Every structure is written in C-alpha cells, then in structure tokens.
Amino acid sequence: MTIGALKNYRRIVVKIGSALLVDRSHGLKQAWLAGLGADIAALQAQGVEVLVVSSGAVALGRTVLGLPAGTLKLEESQAAAAAGQIALAKAYADVLGAHNIMAGQVLLTLSDTEERRRYLNARATIETLLKLKAVPVINENDTVATNEIRYGDNDRLAARVATMIGADLLILLSDIDGLYTAPPHKDPNARFLAVVEAITPEIEAMAGAAASELSRGGMKTKLDAGKIANAAGTAMIITSGTRANPLAAIDRGERFSLFKASHAPVSAWKIWISGHLDAAGQLVIDDGALKALKSGKSLLPAGVREVHGNFQRGDTVAILNMQGREVARGLAGYDAADAVRIAGHKSSEIEEILGYFARSSMVHANDLVIRGAYRQNEDVFEGEHA
Ligand code: GLU
C-alpha cells in the first residue's frame, strides 16, 4: 500500500478498541476522538464511505456509573454497557457533527448476523445510512446479549459487518501495531510482518505469540476476523490506534500489517455462510473428497470419515481435513443422526440406509465455501502431509 492510499478504497470499516477511547480515571479521550472524527471527515470528503465499529460501552459505563475496578457481574456489565453506550453514541454524534456528518447508532446481537432474514434486514439499514451519507456507529448490543449468544469481541463483529456490506477494507485499531512472528518483547529476532498474503496455519500459529492488549480481543480474534474478511474479498489492516489522527497515520506510512483479500469471486450467499461464527458440527473428510471440493464439486457421503456434533439439516458445519484443520464450511444436507449413518457410503446406498432419498450430497457445492488458504495455495494443504 502506498502513501495516501486509503482514498482508493470505496468502503472502510474501522474498528476501535476500548483502550483507545476510554481512560479508566478520566473517562472518554475527547482529543483522540476528535482526531478520529477529522480523519473520517477527510476520507468522506474524498468519496470514501466509512463505518465505525466501536467498543468502549462497558469501559465507559463503569466510569459513568462509578462501578469499582475488577471483574463485574453479568448484570453489572450489562448495566455498564447501557449507560456507556449512550455516552459513546453521543460522543460520536458530537465529533462527527462538528464536520456536519450525521452518525447513526446500530446495535447488533449475534443472531442479527447469523439468521439470514435478520442479516438482510441489518444490511438494508446500514446501506440506507450510507446512502444518506451518515456514518453507522456499530457495537454489540451488550445490554441484552448474554454469554451464550454474543460475539464477545468486536474484531469478529467488525469483520462480519465488513463482509455484510461488501467493504473493501477493514481496519482494526488497537494497541498492537500489527503481527509479529514471535512476541517482540521477549524475542529479539521477532520479525514484523508488513504484508500477509493469506492466513495460513503458520500465520495462525503466530497469534498466540503476539503482545496482548487490554480489551477483549487478542491477536487470535484479530486473525479470526481476518479469515472472515479476507475470504469475502475484504482486505484487513491491523495497526496501533494510539497515535493522534490514527487513520491519517496509516496514510502517512506509519507501521501496520496488511492482510490481503482473497481474489476468488465469492457470492453474497457464500459470504454469509463462510462468516458464520459457530459451526453446529464437524465433518472430517478424506483427501479424495478434499480434492473434489477444491475442483468445485459437492461433498458426497462417501468422502466423510467422521461426523461430530448435533446439527440439523441447514445448520453450518465445519469441514475438516484428516489433520483436523478446517478446510471449508457449508450447510449440512442431512441431520447429524442421518449423516452418521450414510457417512462412508455411496450416494446410491442412501435410500436403502435411511429409508428415504433426499439428496446425493452431504454438503452441496452451492452451499460450501473453501477457506482461502486452502483455495489459493495448493502447497498449504500438500505441505501438511510432510
Ligand atoms: N462491546 C464491548 C463494549 O463496547 C467491547 C467488546 C470488545 O472489546 O471487543 O464495551
């Protein structure tokens, strides 16, 4: 990426971590936020649509409500989110308003992105805000989201939003300046990675090694976000947001890691499938089946070695290779109980085994997305045999 390149993007989602926005003792970092507002206004003036996914509701609400430091009970953190979100939304409305830009608050729960109809509805709202030149300011609806049904981290939420509206760039601003091959504070040989072509298993292995940060998502959730984004054609930048004017800093050439988007064309339907956060089950497939998937074929029962989980037909399942790595994701053609019975069998035997015939494939090619690293780079898969 060259100096001043952000204006070449059409739609940018900027994710802002809590630590950048909120100071435990002084509350909101007004000056920093004003700088971000000026950066957004400058991009908008150049024709770039900008969306913000902002954390900070819980952190800010603690200060607002005077809650003690330390772990909060679930109800307390939900109350903190309620109080903090009002203050957060007002702060964005103010800093953007100073540039005559409207802000529109969007609070999402996990099911708003995982259920197809609600996903389309959320997308329509966000698209309309963009059409009206407003900046969507998005967060998880923490006040009602409970542990089992929440994103929990805004990295993956931001990636899901970015793919939902077809953004071409996702910027994760946090207190980490990018990805290193090893912990930089411990390993003098740690190398900074300025460009990541694809999030391979080797890259993922580096995630545990990155410096940690204050807010919820660490490097692992950032790479998870990258996988969701990159597979859907969205590039991702991880950089430190601690500088004043953090977006202008990227354009000035300050340090960041760029994760390139996969260029394989992916339909909106497949983007929705591949971005699902939790798979309801797993299918372990043999090498022959994986070859077939890579050439665009459906997953047939014959190539399925193991079935795990308690999924229903239509649920998202992860497809794993014999080494246990997720190579694809798709919608199950059969319930788990039936999938177990037909796994390893020819499609012509399905009717005899189940007493009915519904479809010849376990996962149809139209409902299946191969993970970027396996799609683009044959060596990644072949290399795993070594
Ligand atoms: N939604 C949370 C908040 O606004 C933040 C989640 C995160 O830090 O990723 O407080």
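As shown above, the structure is provided for reference.
Fair warning: this is a prediction, and the values are worked out from it, not measured in the lab.

Draft legend 1. Focus on the sheet that holds strand β17 (residues 368-370). A sheet is described by the order of its strands in space; here five strands give the open sequence β14-β13-β15-β16-β17, paired in mixed fashion. With partners counted over all chains shown, the strands left at the sheet margins are β14 (304-309) and β17, one partner each. Neighbour to neighbour, the strand axes of the sheet diverge by 20 degrees on average, direction disregarded. Pairing geometry for strand β13 (residues 281-285) and strand β15 (residues 316-320), over four bridges, is parallel. Bridging across to β15, Gln-282 finds its partner in Ala-318. The sheet strands contacting helix α12 (residues 287-294) are β13, β15, β16 (326-331) and β17, and the helix crosses β13 at an angle near 105 degrees.

Draft legend 2. Seen up close, the pattern of salt bridges. Considering all chains together, one arrives at 20 salt bridges under this definition. The partner of Lys-260 in a salt bridge is Glu-197, with the nearest N and O atoms 3.3 Å apart. Residue Lys-260 is located in the loop between β12 (256-259) and α11 (268-274), and its partner Glu-197 is located in the loop between β10 (195-196) and α8 (201-207); the two are separated by 63 residues in the primary sequence. Judged by its relative accessible area of 35%, Lys-260 is partly exposed. On the basis of relative accessible area, Glu-197 is assigned to the exposed category, the value being 51%. As a salt-bridge pair, Glu-254 and Arg-243 come within 3.8 Å of each other at their nearest N and O atoms. With Glu-254 in the loop between α10 (246-252) and β12 and Arg-243 in the loop between β11 (235-240) and α10, this residue pair connects regions lying 11 residues apart in the sequence. Look at Glu-254 and you get partly exposed, because its relative accessible area is 32%.

Draft legend 3. Here's a closer look at the packing of aromatic side chains. Evaluation of the coordinates by the stated rule reveals four aromatic pairs. With a centroid separation of 6.4 Å and an interplanar angle of 45 degrees, the aromatic rings of Tyr-334 and Tyr-356 are classed as tilted. With a gap of 22 residues between them, Tyr-334 in the loop between β16 and α13 (336-342) and Tyr-356 in the loop between α14 (350-354) and β17 connect regions that are remote in the sequence. On the basis of relative accessible area, Tyr-356 is assigned to the partly exposed category, the value being 34%. Taken together, Tyr-119, Trp-269 and Trp-272 form an aromatic cluster joined through their ring pairs. Here the guanidinium or amino end of Arg-116 rests over the ring plane of Trp-272, the centre of that ring lying 5.2 Å away. Directly above the aromatic system of Tyr-334 lies the positively charged group of Arg-359, at a separation of 5.6 Å from the ring centroid.

The rules behind each value
- Residues numbered from 1 in each chain as written.
- Predicted model: local features only at pLDDT ≥ 70, side-chain atom pairs only at ≥ 80, totals over all residues.
- Heavy atoms only, no water.
- Pairing = 2+ DSSP bridges.
- Helix = DSSP H or I, 4+ residues; strand = E, 2+ residues; numbered from the N terminus.
- Axes fitted to C-alpha atoms, helices over the stretch in contact; angles between N-to-C directions.
- Contact = heavy atoms within 4.5 Å.
- Salt bridge = Lys/Arg side-chain N within 4 Å of Asp/Glu carboxyl O.
- Buried < 20%, exposed > 50% of the residue type's maximum accessible area, 1.4 Å probe, protein only.
- Phe/Tyr/Trp six-rings, centres within 6.5 Å; stacked < 30°, edge-to-face > 60°.
- Lys NZ or Arg CZ within 6 Å of the ring centre and 35° of its normal.

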